[in-house]
Amino acid sequence: QVQLVESGGGLVQAGGSLRLSCAASGRTFSSYIMGWFRQAPGKEREFVAAISWSGGRTYYADSVKGRFTISRDNAKNTVYLQMNSLKLEDTAIYYCAASESPIALMTSSRYAYWGQGTQVTVSS
């Protein structure tokens with residue numbers, strides 16, 4: 001198993017930036033595909049970004065492509081989500097997740113392990 005703890009959320013004005021971190025403990029971090037998902041009030045959880053075991057491949061939702069960057073540091077057991085040019089519609093709880101399978105990375109049910117989430121609020 002792996003335990004995940006997110007940090008870095010907060011309140012930011014539209015156009016601003018935040019960097020989320022997700023620290024992992026437990027089994028070998030580098031054996032997991034890592035993803036970020038988000039859930040806004042009254043909406044379903046949606047895929048944001050994912051990164052391969054080595055970090056060589058990244059995947060993004062169309063809504064964040066060009067603004068968000070996912071990265072990982074396997075030596076520090078941490079995955080990051082750099083969020084730039086934030087919009088009001090980016091307001092949500094952001095969750096870090098881990099999957100042992102590279103299949104269907106955009107599907108939340110493929111991820112077995114989840115963090116508790118961190119709130120990101122973008123104000124006008």
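So, how was this worked out
Residues numbered from 1 in each chain as written. Predicted model: local features only at pLDDT ≥ 70, side-chain atom pairs only at ≥ 80, totals over all residues. Heavy atoms only, no water. Buried < 20%, exposed > 50% of the residue type's maximum accessible area, 1.4 Å probe, protein only. Helix = DSSP H or I, 4+ residues; strand = E, 2+ residues; numbered from the N terminus. Pairing = 2+ DSSP bridges. Salt bridge = Lys/Arg side-chain N within 4 Å of Asp/Glu carboxyl O. Axes fitted to C-alpha atoms, helices over the stretch in contact; angles between N-to-C directions.

## Here's the deal with the pairing of strand 7 (residues 68-73)
The side-chain alternation of strand 7 yields one buried face, formed by Phe68, Ile70 and Arg72, and one unburied face, formed by Thr69, Ser71 and Asp73. In the sheet, strand 7 pairs with strand 8 (residues 78-83) via six bridges, with the strands oriented antiparallel. Note on strand 8: the bridge partner recorded for Thr69 is Gln82. Connecting strand 7 to the antiparallel partner strand 8 that follows it, the hairpin turn spans four residues, and Asn77 within it adopts a positive phi of roughly 55°.

## Quick look at the pattern of salt bridges
Here the idea is simple: oppositely charged side chains can pair when their charged atoms come close. Tallying each qualifying case throughout the model produces four salt bridges. Of the charged contacts in the structure, one is a salt bridge between Arg38 and Glu46, with a shortest N-O distance of 2.6 Å. Under the relative-accessibility criterion, Glu46 is labelled partly exposed at 33%. Between Lys65 and Asp62 there is a salt bridge, with the nearest N and O atoms lying 3.2 Å from each other. Connected via shared salt-bridge partners are Arg38, Glu46, Arg67 and Asp90.

## Quick word on the sheet that holds strand 1 (residues 2-7)
Read across the sheet, four strands follow the order 1-3-8-7 without closing on themselves; strand pairing throughout is antiparallel. Both outer strands of the open sheet, strand 1 and strand 7, are each paired with one neighbouring strand and no more. Averaged over all neighbouring strand pairs, the angle between strand axes comes to 15°, with direction disregarded.

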